[in-house]
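One-letter residues, chain by chain:
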Amino acid sequence: MGQGSAESRGENRRGDRNRDALNAAGKKVTFDHAPMPEIDWPAMKMEFPVAPSVDLSKVKTGDKVRFTLTGSGKNYTVQSISPQ
Ligand SMILES: [Cu+2]
């Protein structure tokens, strides 16, 4: 899924083997994520807004999770998150 210079397109992106910090009340999650070559990101720690439909009660801080993102540039929103 999603090879190449897709940085500016709004396709789903998937991250694996990541850890999170949760701000459930603020609907934000911090991922300490592995490199995501599809969008040319190195490994880093960063905070994302979470879509209203995402249930953050399924995961807790320190879990390894899978997540999907939509967005472009530096503006990505988490569309799904689940424990690995
Ligand atoms: Cu990042």
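Structure's up top.
Now for a quick tour of the structure. (Residues numbered from 1 in each chain as written. Predicted model: local features only at pLDDT ≥ 70, side-chain atom pairs only at ≥ 80, totals over all residues. Heavy atoms only, no water.)

## So, the side chain of D63
Structurally, D63 can be placed in the loop between β3 (44-49) and β4 (64-72). Residue class for D63 comes out buried when judged on its relative accessible area of 16%. Polar side-chain contacts of D63 include one of 2.8 Å to the backbone nitrogen of K60. (Helix = DSSP H or I, 4+ residues; strand = E, 2+ residues; numbered from the N terminus. Buried < 20%, exposed > 50% of the residue type's maximum accessible area, 1.4 Å probe, protein only. Polar contact = N/O pair within 3.5 Å; in protein donor to acceptor, adjacent residues only side chain to side chain.)

## Brief notes about the packing of aromatic side chains
As enumerated under the stated definition, the model contains five aromatic pairs in all. Seen from their ring centres, W41 and F48 are 6.0 Å apart, and the 35° between their planes marks the pair as tilted. You'll find W41 and F48 in the same group, each marked buried. Judged by centre distance (6.4 Å) and plane angle (40°), the rings of F48 and F67 are tilted. Linking F48 in strand β3 with F67 in strand β4, this pair joins segments that are 19 residues apart in sequence. Residue F48 is classed as buried on the basis of its relative accessible area of 2%. Three or more aromatic residues joined by ring pairs form one cluster here, namely F31, W41, F48, F67 and Y76. (Phe/Tyr/Trp six-rings, centres within 6.5 Å; stacked < 30°, edge-to-face > 60°.)

## Things to note about the coordination of the copper ion
Protein ligation of the copper ion involves H33 (NE2), M44 (SD) and M46 (SD), the donor distances falling in the range 1.9 to 2.5 Å. Mapping the donors of the copper ion onto the primary sequence yields the spacing H-x10-M-x1-M. Linking H33 in strand β2 (residues 28-33) with M44 in strand β3, this pair joins segments that are 11 residues apart in sequence. Residue classification places H33 among the buried positions, given a relative accessible area of 2%. Exposure remark for M44: the relative accessible area of 26% places this residue in the partly exposed category. (Donors = N, O, S within 2.8 Å, 3.2 Å for Na, K, Ca; no water.)

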